[in-house]
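Now for the letters of each chain:
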Amino acid sequence: MIKKFIDKLFGKTASTAITPTGASRTKSPYGKRLEVGSKEHGIDPALVDERAMDVVRTLKDAGYEAYIVGGAVRDLLVGLRPKDFDVATNATPEQVKPLFRRAFIIGRRFRIVHVIYGRGREHEVIEVSTFRANLDSSQAEQVGGNERTSKSQLAGMKHAVDSSGRVLRDNVWGSMEHDAARRDFTINAMYYDPETHIVVDYHNGIRDSKKRILRMIGDPATRYREDPVRIIRAVRFSAKLSALGFKFEDKTVAPLRDMCRLLADVPQSRLFDEMLKLLQTGHSLASIEQLKFLGLGTGIYPLLDVVVDSADEPFLKLALQDTDRRVGEGKPVAPSFLLACVLWTDVREGWARRCKRGEHVMPALQDAIDDAFNAKIGDVSGRGKLGIDMREIWSMQPRFEKRSGSSPYSMLEQPRFRAGFDFLRLRAQTGEIDTELSEWWEKFSTAYDDERHEMVEQVRLAQLQKPQTQRSRVKRVDADRPASAVGREREALAVLESREDQEPGEMGDAAPVKKRRRRRKPLNREGGAAVASPAPDSSAEH
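All values reported here derive from a predicted model rather than from experimental measurement.

Enquirer: I keep staring at the pattern of salt bridges and nothing clicks. Help me out?
Expert: Two side chains with opposite charge may pair up if their charged atoms get near one another. Summed over all chains, the structure comprises 36 salt bridges. Its salt-bridge partner being D208, residue R215 comes within 3.0 Å of it at the nearest N-O pair. Judged by its relative accessible area of 21%, R215 is partly exposed. Residue classification places D208 among the buried positions, given a relative accessible area of 0%. Between R418 and D422 there is a salt bridge, and its shortest N-O distance comes to 3.7 Å. Of this pair, R418 and D422 both sit in helix α22 (residues 417–429), separated by 4 residues, roughly a single helical turn.

Dropping the structure here:
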């Protein structure tokens, strides 16, 4: 009696089942180990990444257990080629790292090893995790605050939770059956050995995969409380697998809306990363529909609220469709481009208001960008490289209007030109600007040098024929900066704009002309005729 009371008090996961004879028996939280052969699970070995196989092989050769695990096994079972491969082993991070030339131990909440193959954009990361013990909250050390407010308390702790039961540290190693029990969904708790082609299944993941069911392991409310981010993961999995007919089990989906309040205690940086996964895994529109369907359209993360609320606007909808298409084609996507699209309505409207008051174009745009960052981004990523890239994409838009002098040539040399141009093209497709402008830049970016010179000359002649209107200047008041600083910025902008508008050679000896690489027509060695070269790939990373 006392043991049952204590188990109930602390939320033990073991449950009681009734046999056909009426007797009761305890159902183990660790499930029953099933080893399923290739004839039954039907996984195609050709879909398994060679580098993931190399990690498994290396660990096994060193005397450890190793399996491909998680979402990769789930995707292999339904015939999909996984985009990411994770490996689980009984080796600790300190034992894994020396086995590979490029491996790094990362994380505090969960300590794992990243094994890196290749370099640059072509590199691939295989995530290696150690089997973890399945411990409930009653066995963990408890802290009063969160990751930020309890750093000193968490130092040195291996298993810790906060007052709500959310896991803050989980670095107690265990067996494979314990590791399976602590995973979230049954279809993510299977282990595949690429050498023997055996799938180890503890929680009927293969059965649920065949029945197209998303089922949480254990009590769903308890599991969401342990890690509220599982709520977002549940939405992402359902959006990704809905096209294949997967649906939530009723018990799994029932607590989602009530548990959403627990996300308030999750670090903003982690929520930001989970939001990007929702939007950049190739199912952004389906994820937004799932959020609305489950009643989670607001309250997860402020910037995600903006996405859900604005998803039907033509510009953002086209950007989301384009992102899904690129992911489906295996092309890279940049979060800065998508987030620039998300906040463009706020930036554009603020910019238009300031220009209407007579403010200069570029300072007005920069102020509108600052307002959008302060209102919607905050201090998570708006001040880092992500924010810098977003600012560059927006700042290029008025510069695309300048097509005379050396301006077009300097634009092509910008590192983010392709992202800025793709943004311009989306604006044209939604009718925000004339399509002639985007078509001109697309032709200019792929033209030969003499063709570019002719295009710029045509624009110059067309501008000379237009009547010149005198624009009245309105003094711009900036309360946040001293007048002297504002004046210096205006002078610097005026100098830069005058230099961009000048023809090469106009500046004389005072400022030498910047040399640029000319694109010349290659000559045919036999006849001397020009041979056209293929245009650069327009699907480069944003």
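Enquirer: Would you mind showing me how to read the nonpolar core here?
Expert: Considering soluble globular proteins, one finds that nonpolar side chains tend to be buried as a cluster. Counting residues in each nonpolar core, the largest one holds 68 residues, and the members touching the most others are M275, I300, L303, L304, W394 and F423. Here L304 is in contact with M275, L278 and L291, once residues within four sequence places are set aside. Counting 30 residues, the second-largest nonpolar core is a separate cluster that includes A72, V96, V113 and M190.

Enquirer: Just to check I follow, could you spell out the packing of aromatic side chains for this structure?
Expert: Any pair of aromatic rings gets described here by the distance separating the centres and the angle formed by the planes. In this structure the tally under the stated criterion is 18 aromatic pairs. With 6.5 Å between their ring centres and 90 degrees between their planes, Y191 and Y202 make a pair best called edge-to-face. Remark: Y202 occurs in the loop between β13 (198–201) and α8 (205–211) and Y191 occurs in strand β12 (residues 190–193); sequence separation between them is 11 residues. On the numbers, 6.1 Å between centres and 50 degrees between planes, the contact of F417 with W441 is tilted. Linking F417 in helix α22 with W441 in helix α23 (residues 435–446), this pair joins segments that are 24 residues apart in sequence. Joined through ring pairs, the aromatic side chains of F400, Y409, F417, F421, W440, W441 and F444 make up one cluster. Against the face of W440 rests R403, its NZ or CZ located 5.2 Å from the ring centre. R452 extends its terminal NZ or CZ atom over the ring of F444, reaching a point 5.5 Å from the ring centre.

Definitions and limits used
Residues numbered from 1 in each chain as written. Predicted model: local features only at pLDDT ≥ 70, side-chain atom pairs only at ≥ 80, totals over all residues. Heavy atoms only, no water. Salt bridge = Lys/Arg side-chain N within 4 Å of Asp/Glu carboxyl O. Buried < 20%, exposed > 50% of the residue type's maximum accessible area, 1.4 Å probe, protein only. Helix = DSSP H or I, 4+ residues; strand = E, 2+ residues; numbered from the N terminus. Core = buried A, V, L, I, M, F, W, Y, C linked by side-chain atoms within 4.5 Å. Contact = heavy atoms within 4.5 Å. Phe/Tyr/Trp six-rings, centres within 6.5 Å; stacked < 30°, edge-to-face > 60°. Lys NZ or Arg CZ within 6 Å of the ring centre and 35° of its normal.

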